[in-house]
Amino acid sequence: MKRPSLLTRRAISLAVMLILVGQACTLSLFENPFNPNPSTPLPEGITPSATPQAVAQTNFIVTLPEPLQANESLTIIVLDEVTGLPFNSTEYPMSARDSLTYTATLPLPYNSIVKYRYSRRGAAVVLEDTTFGSPIRYRMHHVGGPGDVQDIISDWGDKSYSRATGIILGQVYNADTGAPLPNILVTAGGIQHITDSLGRFELNGLPIGTQNLLAYSLDGMYQPFEQGAVVGDAKTTIVDLRIRPVKLVSVTFIVSIPSSTVPGVPVRIAGNLLQLGNTFADLQGGVSTSTDRMPILSLQADGRYATTIGLPAGAYIQYKYTLGDGFWNAEHKSDGQWFLREFIVPDQDLTVDDTVASWSMGSSGPILFEATIPSVTPPVDIIYIQFNALGWMEPIPMWPLGNNRWAYKLYGPLNFLGSFAYRYCRNGQCGSADDGQTVGFSPTGRQAQTSLLTQDLQDTVGVWKWFENPEPTTLVGANITARSSVFAAGIEFQPAYRPNWSYYAPQAFANTQALGSNMAVLTPSWTFTNNSPLQLVTVPGQDPLWIDSAIMVSQARAMGLNVAIFPTPNFPANLDSTTPPSASFWLNAPRDAQWWQTWFTRYRAFAVNYADLASQTGAQTLILGGDWIRPATPGGTLPDGNPSGVPADVETQWKAIIADVRSHFKGQIFWALPYTPSNMNTPLSFLQDVDGIYLLWSAPLASNQTSTKADYAAEAGRLLDNEVAPLASILNKPLILAVKYPSAAGAASGCVPDGAGACLDWDALNRPNLDINAASLNLQTQADIYEAILTAVNTRTWVSGFISRGYYMPVALQDKSSSIHSKPAADILWYWFPRLLGKIQ
């Protein structure tokens, strides 16, 4: 039988898509909309709705690690995170008090949050960094009134110093209720930490002395709190912070835009809070705001745009209006300078009435980009355009015209570009879902040249990479035995994350439901940023924030899906595509007694954080463990086969972690156990303390290249019967088969060749990683493997579920990865899942 066409199956219209289309419904590009008489600009620097901010004289006093050279000077740089940290900064010279102490007095708005860092100017400009050699994004100060701010510079980007350091450790609580607070940014000395579910933070490697410690709510829902903290040599300073919640008030933004603006296009607000699109991360090209996360204003009958947003009273708001992000197509002053608005949210509802003077910077004329795209493009896709200024920057959503045509008009900043590159991609995934002419992370791109005249560039996207010619799959009927309603049939999403992915999560959950699934497995992450001292933390931009994960759980549950949370850490990138990044982590770790104790403490915090998230969001299942964790289990071995040196009390450690997790979460706890013969023969005794096994299955099913689908099914059945069934019998617990195979030649044999005699790490084939040319695409092999394993599972009723691992959330790709998103393997699940669950007889 044939499944309905792929495009028909993808025609699920989401509200998020309708919002964008609705904003563009009046778009007309058949005539040049330029008006030589734009609306009268406001006087320079005046925001029409806001009283000018009172300022406080703030004296910054900084201590250097060594005296400056004769040709060097010191500056303090006040940063603009809405436009982007490399852009629109203001630099102030500092004066020497003595050879190591410099000062500068800055007039700063009362109740503002200033973000800043120090630089050394000489033959080159050198920014400060931490004692670990990592860049300092910024320091923060809450301007409560006139006063001094004392800082200590740890290191410079071109120098390192051996110096005494200490730690600030503590928790952040709600001052009114005493409840611990997650998602609070705590910073001192330019080192930042986002609190976990218990409000915990740890700031390592701080120079000794008094540090300026600040707790800041990313969404402004709590008042900022700032105090000095004394750091001693090799000492840990314990600090508990209590911050007060604030109420929400309704702020209505009304804006008049230049009459030269293309009619009806989406106008957004880019701002410094989480709900205004700030990701608090270094995104592509140095920007921090994400267009997909910004509020969209609605077009009013009088031609103005408006929206009402709940904002926290007392919060310091920096914002601008934009047709793109904080950099591209954002508003400027009438003379072309960058413009950043600011105000303090009052205690009562407020209407802000603004006028955009210009979208342009300089005299260059705007450029209209029009693209005709392939007819096979999924109808729910959004086409983006990406520009290369000083490097490829964050993609910007284009405006739909209908009939496979999209457009975007770039007004600015164009004055400094001259010749520049651009390209198109699907759902913002440039580098993965590319125009066939501009594939990868660093293509030359299509070329454009600025001009004094308005331009209209018309392009045709001939083909999308990894979505060239999708076709429906021919399915073979099977006699499928329906299971009980507790059988888990679902999708596990891959742990890689980017902030704009959350925009596409509802569509991914709709696709999951459309396959007949009853479960979504989310894999939120923290990142191991350092091995010694060991640090496992939330890194904005590559790990979802607490609120991001909570929203995704809510969205999945709203689709009627059961939700399992499978916390999975990220590791520093590994240049060797034949070994997983976790291998380098384990091999390079000290693994002494103190390190191991810290490791178990870090993992416990990681697990408890997501146990609290699961409990508070209504997720049904929490999955611990994983395929990376083998060195930390009883009898642990390293990736090279040597003993890991795990402590003798490792069983006790794991039992204690599971007990702690249970005290925070009352749902099911499963253990993710990688399938290997040794794991099946030597079950871990602490598995008796969990509710079930989530068996990570990527077993070889073919002994040679001539093996057939029937051979795969026979081998899967043999392994299940001879190696897995005894474990299931001993434990007497539910066992879910979690399957992962790439759509690449060699997957059935367990080895995708790297072209140099070794086998690739399968996760290296996942997006958004670069494509590996040595691997050969084979979509049918993946589909055959899925059908074979399902055939084996069909006659083994002791298997309690089947999960497909590695689903790529933001976009459909028929690539070499393990994701089944819009691949023939997804068609196999579409046929099997409803029948296994008894929805179709």
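Residues numbered from 1 in each chain as written. Predicted model: local features only at pLDDT ≥ 70, side-chain atom pairs only at ≥ 80, totals over all residues. Heavy atoms only, no water.

(A) Representation of the overall build of the protein within the structure. A tally of helices and strands in the protein yields 11 helices and 42 strands. Against the globule reference of 28 Å for 841 residues, the protein gives a C-alpha radius of gyration of 28 Å, in line with a compact fold. If one aligns the C-alpha atoms of the protein with their principal axes, the spans along those axes are about 80 × 70 × 50 Å. Classification of the 841 residues of the protein by burial places 59% in the buried group. For the protein, contacts bridging at least 24 residues in sequence account for 76% of all contacts bridging at least 6. Taken as a whole, the protein presents about 30800 Å² of accessible surface, with 52% of it coming from carbon and sulfur. In the protein, 51 side chains carry a positive charge and 66 a negative one; their mean positions are 5 Å apart. (Helix = DSSP H or I, 4+ residues; strand = E, 2+ residues; numbered from the N terminus. Rg over C-alpha atoms; globule rule 2.2 N^0.38 Å. Buried < 20%, exposed > 50% of the residue type's maximum accessible area, 1.4 Å probe, protein only. Contact = heavy atoms within 4.5 Å. Areas by Shrake-Rupley, 256 points an atom, 1.4 Å probe, with all protein chains shown as cover. Lys, Arg positive; Asp, Glu negative; His and termini not counted. Charge placed at Lys NZ, Arg CZ, Asp CG, Glu CD.)

(B) Summary view of the state of the cysteines. Under the criterion given, the structure shown has 2 disulfides. Between the sulfur of cysteine 425 and that of cysteine 430 lies a disulfide, 2.0 Å long from S to S. Taking the sign of the S-S torsion, about -75° here, the bridge from cysteine 425 to cysteine 430 comes out left-handed. What makes cysteine 425 buried here is its relative accessible area of 0%. The class of cysteine 430 is buried, set by a relative accessible area of 7%. A disulfide bridge connects cysteine 751 with cysteine 759, and the sulfur atoms are separated by 1.9 Å. (Disulfide = S-S within 2.5 Å.)

(C) Quick look at the nonpolar core. Trp599, Trp654, Trp671, Trp697 and Ile789 are the most contacted members of the largest nonpolar core, which has 116 residues in total. For this core, the element with the most residues is helix α6 (residues 593-617), which contributes 13 residues. Excluding residues within four positions of it along the chain, tryptophan 671 makes contact with Leu624, Gly625, Ile629, Thr633, Trp654, Leu684, Phe686, Leu687, Val690, Gly692, Ile693 and Tyr694. (Core = buried A, V, L, I, M, F, W, Y, C linked by side-chain atoms within 4.5 Å.)

(D) Focus on helix α7 (residues 650-664). The terminal C-alpha atoms of α7, which comprises 15 residues, lie 22 Å apart, in line with the 21 Å expected from a rise of 1.5 Å per residue. Val650, Gln653, Trp654, Ile657, Ile658 and Val661 are the residues of α7 that are buried. End-on, the buried residues of α7 take up no more than an arc of 130°, which puts them together on one face. In this structure, the buried residues of α7 make contact with α6, β38 (621-625) and β39 (668-674). (Expected span 1.5 Å × (residues − 1). Arc of directions from axis to C-beta.)

(E) Broad picture of the pattern of salt bridges. If you walk through the whole model with that rule in mind, you get 34 salt bridges. A salt bridge links aspartate 151 to arginine 139, with the nearest nitrogen and oxygen atoms 3.5 Å apart. You can see aspartate 151 sitting in strand β9 (residues 147-152) and its partner arginine 139 sitting in strand β8 (residues 139-142), a full 12 residues away along the chain. The exposure classification of aspartate 151 matches that of arginine 139, with both residues buried. (Salt bridge = Lys/Arg side-chain N within 4 Å of Asp/Glu carboxyl O.)

(F) Spotlight on the confidence of the model for the protein. Per-chain confidence: the protein averages 92 in pLDDT, with 94% of residues scoring 70 or above. The model gives residues 1-50 a pLDDT under 50, and that stretch makes 117 contacts with residues more than four places away or in other chains. (pLDDT = per-residue confidence, 0-100.)

(G) Here's a closer look at helix α3 (residues 505-514). Counting buried residues in α3 gives 8 out of 10 residues, a clear majority hidden from the surface. On the buried face of α3, the contacting elements are β33 (488-493), β34 (519-522), α4 (546-558) and β42 (799-807). Immediately beyond the C-terminal end of α3, within one or two residues, lies glycine 516, with a positive phi of roughly 90°.

(H) Representation of the side chain of glutamine 318. Note that glutamine 318 resides in strand β22 (residues 316-322). Among the polar contacts listed, one links the side chain of glutamine 318 to the side chain of tyrosine 316, at a separation of 3.3 Å. (Polar contact = N/O pair within 3.5 Å; in protein donor to acceptor, adjacent residues only side chain to side chain.)

(I) Geometry of the environment of histidine 332. With respect to the helices, strands and loops of the structure, histidine 332 is situated in the loop between β22 and β23 (341-344). C-alpha separation for the pair histidine 332 and glycine 801, spaced 469 residues apart in sequence, amounts to 56 Å. Filtering out sequence-adjacent residues up to four positions away, histidine 332 remains in contact with Gln337, Trp338, Phe339, Ala357, Ser358, Trp359, Ser360 and Met361. Here alanine 330 takes part through its backbone oxygen, which lies 3.5 Å from a polar atom of the side chain of histidine 332.

(J) Representation of the sheet that holds strand β26 (residues 383-388) within the structure. The antiparallel open sheet is built from 4 strands, whose spatial order is β27-β26-β30-β31. Two strands in the sheet have a free side with no partner beyond their single neighbour: β27 (396-397) and β31 (446-449). Across 4 bridges, the pairing between strand β30 (residues 419-426) and β31 is antiparallel. Residue pairing in the sheet places tyrosine 422 in a bridge with arginine 446 of β31. (Pairing = 2+ DSSP bridges.)

(K) Summary view of the pairing of strand β36 (residues 534-537). On β36, burial covers both faces: Leu534 and Leu536 on one face and Gln535 and Val537 on the other are all buried. Bridge count between strand β35 (residues 527-531) and β36: 4 bridges; the pairing is antiparallel. What sits directly across from threonine 527, in β36, is valine 537. In sequence, β35 turns back onto β36 through a hairpin of 2 residues.

(L) Examining the side chain of arginine 835 more closely. Summarising the element assignment, arginine 835 is placed in helix α11 (residues 824-836). No salt bridge is formed by the buried arginine 835; its nearest oppositely charged neighbour, glutamate 787, is found at 11 Å. At a separation of 2.7 Å, a polar atom in the side chain of arginine 835 contacts the main-chain carbonyl oxygen of tyrosine 831. Those residues in contact with arginine 835, other than ones at most four positions away along the chain, are Ile480, Ala482, Trp830 and Ile840.

(M) Just the sheet that holds strand β20 (residues 296-299), in detail. Strands sit in the order β23-β22-β19-β20-β21-β18-β24 across an open sheet of 7 strands; the sheet is mixed. Lying at the two open borders of the sheet, with one neighbouring strand each, are β23 and β24 (350-355). With direction set aside, neighbouring strand axes in the sheet form an average angle of 30°. As paired elements, β20 and strand β21 (residues 305-312) share 2 bridges and run antiparallel to each other. Its bridge partner being in β21, serine 298 is matched across the sheet by alanine 306. (Axes fitted to C-alpha atoms, helices over the stretch in contact; angles between N-to-C directions.)

(N) Structural context of unusual backbone geometry. A cis amide bond links glycine 412 to the next residue, proline 413, at an omega of -5°. For proline 413, the position within the fold is in the loop between β29 (405-410) and β30. Of note, the bond from serine 532 into proline 533 is cis; its omega dihedral lies within 30 degrees of zero at 0°. A positive phi angle is found at asparagine 427, which is not glycine, with a value near 55°. Inspection of the secondary structure puts asparagine 427 in the loop between β30 and β31.

(O) Region of the structure containing the packing of aromatic side chains. Following the criterion strictly, the structure yields 54 aromatic pairs and no others. Ring centres of tryptophan 501 and tyrosine 808 lie 5.2 Å apart, and the angle between their planes is 85°; this geometry places the pair in the edge-to-face category. One end of the pair, tryptophan 501, is in the loop between β33 and α3; the other, tyrosine 808, is in the loop between β42 and α11, with 307 residues separating them in the sequence. An angle of 80° between the planes, with centres 5.0 Å apart, marks the rings of tryptophan 654 and tryptophan 671 as edge-to-face. Within this pair, whereas tryptophan 654 is found in helix α7, its partner tryptophan 671 is found in strand β39, the two being separated by 17 residues in sequence. Each member of the pair, tryptophan 654 together with tryptophan 671, is buried. One residue, arginine 423, lies across the ring of tryptophan 392, its end atom 5.0 Å from the ring centre. (Phe/Tyr/Trp six-rings, centres within 6.5 Å; stacked < 30°, edge-to-face > 60°. Lys NZ or Arg CZ within 6 Å of the ring centre and 35° of its normal.)

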